[in-house]
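Overview (structure and organization)
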Amino acid sequence: MKKVKHMEPISKKKIATLYTQISQEIFNVGVNTQKIDIIDNKILILAQSKRMPALEALSEEYRELVMSLDAALSTKYKKMLKQKGELLFDVEVTSLFRDYDPVTENSCTVICFK
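Sheet architecture is open: four strands sit in the order 1-2-4-3, paired in antiparallel fashion. In the strand order of this sheet, the two ends are held by strand 1 (33-39) and strand 3 (93-101), each with one partner. Direction aside, neighbouring strands of the sheet carry axes that sit 10° apart on average. Direction of pairing for strand 2 (residues 42-48) relative to strand 4 (residues 106-113): antiparallel, over a ladder of seven bridges. Within strand 4, the position partnered with Ala47 by the bridge is Ser107. Against the sheet, helix 1 (residues 12-27) touches strand 1, strand 2, strand 3 and strand 4, its axis set at about 135° to strand 1. Relative to strand 3, helix 3 (residues 63-89) is tilted by about 140°, and along the sheet it contacts strand 3 and strand 4.

Structure follows, in structure tokens:
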């Protein structure tokens, strides 16, 4: 007899928890605030989180390096969010967009799924 894995229904609470867990895994900091909207097959996450102290310390003298690290970390974040979201909610993510503004410490994430 094959066990069927119980998939979680998509909810703002589960999305917020997942988003925060990934933030802690990658950046070792949580999320200060989150606003999540679910519209049809799209999820919009507006969040504010503290910048990694190491990146902040390097940002003035090594601007280009920090920008590259920001891009690499964002790519890693999106990959983890896509993989874990698909497993948790049993959906196929078709597109995932994320941007972070280091000045305001705000991020915007859009997840589109089938």
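Now for the pattern of salt bridges. Overall, the coordinates contain seven salt bridges when judged by the stated rule. Residues Lys84 and Glu25 are paired through a salt bridge, measuring 2.8 Å at the closest nitrogen-oxygen approach. Pair noted here: Lys84 is in helix 3 and Glu25 is in helix 1, with a separation of 59 residues, a long-range link. Salt-bridge contacts for Lys50 lead to Glu105; the nearest nitrogen and oxygen are separated by 3.9 Å. Of the two residues, Lys50 is situated in the loop between strand 2 and helix 2 (53-58) and Glu105 in the loop between strand 3 and strand 4; the sequence distance between them amounts to 55 residues. Each of the salt bridges in this network shares a partner with another, and the network as a whole consists of Arg51, Glu56 and Asp70.

The pairing of strand 1 with strand 2 spans seven bridges and is antiparallel. Along strand 2, the bridge assignment pairs Asp37 with Leu44. Counting the residues between successive antiparallel strands, the hairpin from strand 1 to strand 2 contains two residues, one of them, Asp40, with a positive phi of roughly 55°.

Let's shift gears to the nonpolar core. If you look at the biggest cluster of nonpolar residues, it comprises 21 residues, and the most contacted ones within it are Tyr19, Ile22, Ile43, Ile45, Tyr77, Leu81 and Ile111. Listing elements by their share of this core, those giving two or more residues are helix 1, strand 2, helix 3, strand 3 and strand 4. Residue contributions to this core peak at seven residues, all from helix 1.

A separate point is helix 3. In a regular helix each residue adds 1.5 Å, so 27 residues correspond to 39 Å; helix 3 covers 38 Å between its end C-alpha atoms and thus fits that length. Of the positions making up helix 3, those classed as buried are Val66, Ser74, Tyr77, Met80, Leu81, Gly85 and Phe89. One or two steps after helix 3, the chain reaches Asp90, where phi turns positive at roughly 55°.

In this section: helix 1. Here helix 1 spans 22 Å end to end across 16 residues, near enough to the 22 Å set by a 1.5 Å rise per residue. Elements that come into contact with the buried residues of helix 1 comprise strand 1, strand 2, helix 3, strand 3 and strand 4. Positive phi appears at Asn28, one or two residues downstream of helix 1, with a value of about 60°.

What counts, and at which threshold
Each chain has its residues counted from 1, running along the sequence as written. Per-residue local features are limited, in this predicted model, to residues with pLDDT of at least 70; the limit for side-chain atom pairs, both in listing and counting, is 80 or more; totals at the level of whole chains, interfaces and linings are taken over all residues. Water and hydrogen atoms play no part in the side-chain values, which are based on all heavy atoms of the structure. Here the rule is simple: two strands pair whenever DSSP picks up at least two bridges between them. The way it works is that DSSP assigns letters per residue, a run of H or I at least four long becomes a helix, a run of E at least two long becomes a strand, and they are numbered from the N terminus. Axis definition: a line fit to C-alpha positions, over the contact stretch in the case of helices; interaxial angles, taken between N-to-C directions, run 0 to 180 degrees. In this description, contact between two residues means that some pair of their heavy atoms is separated by no more than 4.5 Å. Only one rule defines a salt bridge in this text: a Lys or Arg side-chain nitrogen within 4 Å of an Asp or Glu carboxyl oxygen. Put simply, buried Ala, Val, Leu, Ile, Met, Phe, Trp, Tyr and Cys residues joined by side-chain atoms within 4.5 Å make one nonpolar core. Type-normalised accessible area, obtained with a 1.4 Å probe on protein chains alone, sets the label of each residue: buried when under 20%, exposed when over 50%, and partly exposed for intermediate values. Multiplying one less than the number of residues by 1.5 Å gives the expected span of a helix.

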